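What follows is the residue order along each chain.
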Amino acid sequence: MSAVYDTRRASIALSIVVPIFNEEESLPVLAERLRPVLDVYGEPYEVLAVDDGSTDQTPYLLEDLRSVWPQLRIVTLRRNSGHQAALAAGLHRARGAYTVSIDADLQDPPEVIPDMLALARTDGLDIVYGVRTDRSTDTGFKRRTAAAYYWLMRRMVGSFVPAQAGDFRLLSRPVVDALKSFPDQRQIYRLLIPSLGFPSGQITYRRGERVAGTTKYPLHKMVLLALDSITSFSVIPLRLATAMGAISLVVCLAFLTWTLVVYVTGNTLPGWTSLIVTLLFFGAVQLFCLGMLGEYVARIYNAVQARPTYLIARDTEEEQQ
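The model shown is predicted, which means the values in this text are computed figures rather than measured ones.

Rules used throughout
Residues numbered from 1 in each chain as written. Predicted model: local features only at pLDDT ≥ 70, side-chain atom pairs only at ≥ 80, totals over all residues. Heavy atoms only, no water. Helix = DSSP H or I, 4+ residues; strand = E, 2+ residues; numbered from the N terminus. Contact = heavy atoms within 4.5 Å. Areas by Shrake-Rupley, 256 points an atom, 1.4 Å probe, with all protein chains shown as cover. Buried < 20%, exposed > 50% of the residue type's maximum accessible area, 1.4 Å probe, protein only. Arc of directions from axis to C-beta. Phe/Tyr/Trp six-rings, centres within 6.5 Å; stacked < 30°, edge-to-face > 60°. Polar contact = N/O pair within 3.5 Å; in protein donor to acceptor, adjacent residues only side chain to side chain. Salt bridge = Lys/Arg side-chain N within 4 Å of Asp/Glu carboxyl O.

S.K.: Kindly report on the overall build of the protein, identifying the contributing residues and their values.
M.R.: In terms of helices and strands, the protein carries twelve helices and eight strands. Expressed as a percentage of contacts within the protein between residues at least 6 apart in sequence, the contacts between residues at least 24 apart total 84%. Carbon together with sulfur atoms contributes 63% to the accessible area of the protein, which is approximately 16,700 Å² in total.

As structure tokens, this is what we get:
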């Protein structure tokens with residue numbers, strides 16, 4: 001079986017992984033723009049549409065597209081597992097010598113995929129990032145929060161994290177195999193992939209408008225992404241908690257010294273304000289440190305449980321074997 005699988009995998013030059021969740025309005029436009037790019041490409045390819053538990057007409061539209069697009073491969077998850085889990089499912093099952101991940105909303109243009117592939121082959125690169133040089137189609141709030149996220153990640157995780165590079169990227173087979181070797185737990189690929197150290201390059205482009213629907217990353221999900229990114233790749237928050245504890249100790253000793261001086265000099269007047277301020281200060285520091293420790297403990301707890309981040313309900317490629 002492995003020999004047969006390897007032969008078939010080697011015959012695929014390019015895999016396109018598209019995480020999809022409730023994109024019934026975007027799918028026709030996606031096929032209209034993506035398929036001509038790949039057909040003109042002239043080499044064997046596959047498109048892995050990973051249905052992340054869609055509840056609209058997306059599954060039926062995917063079946064209709066597959067009936068007229070032989071290279072379309074549908075991977076269905078048993079439930080909505082999140083964008084990163086759907087992306088992982090696609091990467092783990094991709095068979096191509098190169099794999100490109102792209103969202104279905106077409107804010108990242110599929111027309112630059114040939115440029116990515118050409119750069120990878122010409123310069124011998126294993127990773128080519130799609131970098132957004134123009135985000136004028138995004139709201140001002142989105143641009144500012146994105147800039148803050150990348151600024152924070154580059155300082156807390158490392159300068160190797162490319163600025164303004166999301167999940168639109170090209171990966172070679174060795175990179176994909178390296179990602180598959182990691183434990184099955186929630187990964188932040190926009191930080192994990194740069195940390196691997198493979199030779200990489202960049203293709204710049206203008207970020208387009210979403211073709212239909214609404215964003216799947218509202219504010220609370222962006223905050224959770226930032227929190228996951230920090231706690232998954234940096235221990236700086238723990239060191240910050242330690243530093244705050246040390247500062248609190250210094251402040252406490254200063255208050256103790258001041259109290260003794262006041263007592264010795266006989267100026268022991270009721271100090272309700274200073275008492276309340278002191279209690280609030282130390283209470284806030286302790287709760288912050290406990291909360292930060294809790295975030296790391298929660299991730300250890302999830303890792304120890306070793307529960308899969310996604311479960312495959314169906315893969316049309318397996319139905320053909």
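Continuing now.
S.K.: Tell me what's going on with helix H3 (residues 58-68), and back it up with residues and numbers.
M.R.: Considered for burial, the residues of H3 that qualify are Thr58, Leu62 and Leu65. In a view along the axis of H3, the buried residues occupy a sector of 65°, so they form one face of it. When the buried face of H3 is taken as reference, the exposed residues oriented beyond 90 degrees from it are Tyr60, Ser67 and Val68. Residues of H3 that are buried in the fold lie against strand E1 (14-20), helix H2 (27-41), strand E2 (45-51) and strand E3 (72-77).

S.K.: Quick rundown of the packing of aromatic side chains? Include the residues and the values.
M.R.: Scanning the entire structure with this criterion turns up one aromatic pair. Each ring, one from Phe168 and one from Tyr205, has its centre 5.6 Å from the other, and the planes form 80°; the classification is edge-to-face. Of the two residues, Phe168 sits in strand E6 (residues 165-172) while Tyr205 sits in strand E7 (residues 200-206), which places them 37 residues apart along the sequence. The same class applies to Phe168 and to Tyr205, which are both buried.

S.K.: How would you sum up the environment of Phe182? Please name residues and give values.
M.R.: Along the polypeptide, Phe182 turns up in the loop between helix H7 (173-180) and helix H8 (189-195). Taking the relative accessible area as the measure of exposure, Phe182 reaches 31% and is therefore partly exposed. Ignoring any residue separated from it by four or fewer positions in sequence, one finds Phe182 in contact with Gln187, Leu192 and Leu196.

S.K.: Provide a residue-level description of the side chain of Gln107, including the pertinent values.
M.R.: Turning to its location among the elements, Gln107 is positioned in the loop between strand E4 (98-101) and helix H5 (113-123). On the basis of relative accessible area, Gln107 is assigned to the buried category, the value being 11%. A distance of 2.8 Å separates a polar atom in the side chain of Gln107 from a polar atom in the side chain of Arg207.

S.K.: Lay out the pattern of salt bridges in plain terms, naming residues and giving numbers.
M.R.: Per the stated rule, a full pass over the model turns up 14 salt bridges. One salt bridge in this structure joins Arg121 and Glu43, with 3.0 Å as the shortest N-O distance. Placement of Arg121 in helix H5 and of Glu43 in the loop between H2 and E2 is noted, with a sequence separation of 78 residues between them. Judged by relative accessible area, which is 41%, Arg121 ranks as partly exposed. A relative accessible area of 30% means that Glu43 is categorised as partly exposed. Ionic pairing is found between Arg73 and Glu46, a salt bridge with its closest N-O pair at 3.2 Å. Taken as a pair, Arg73 in strand E3 and Glu46 in strand E2 lie far apart in primary sequence, 27 residues in all.

So, to be careful, I would describe these as geometric facts and stop short of saying anything about function.
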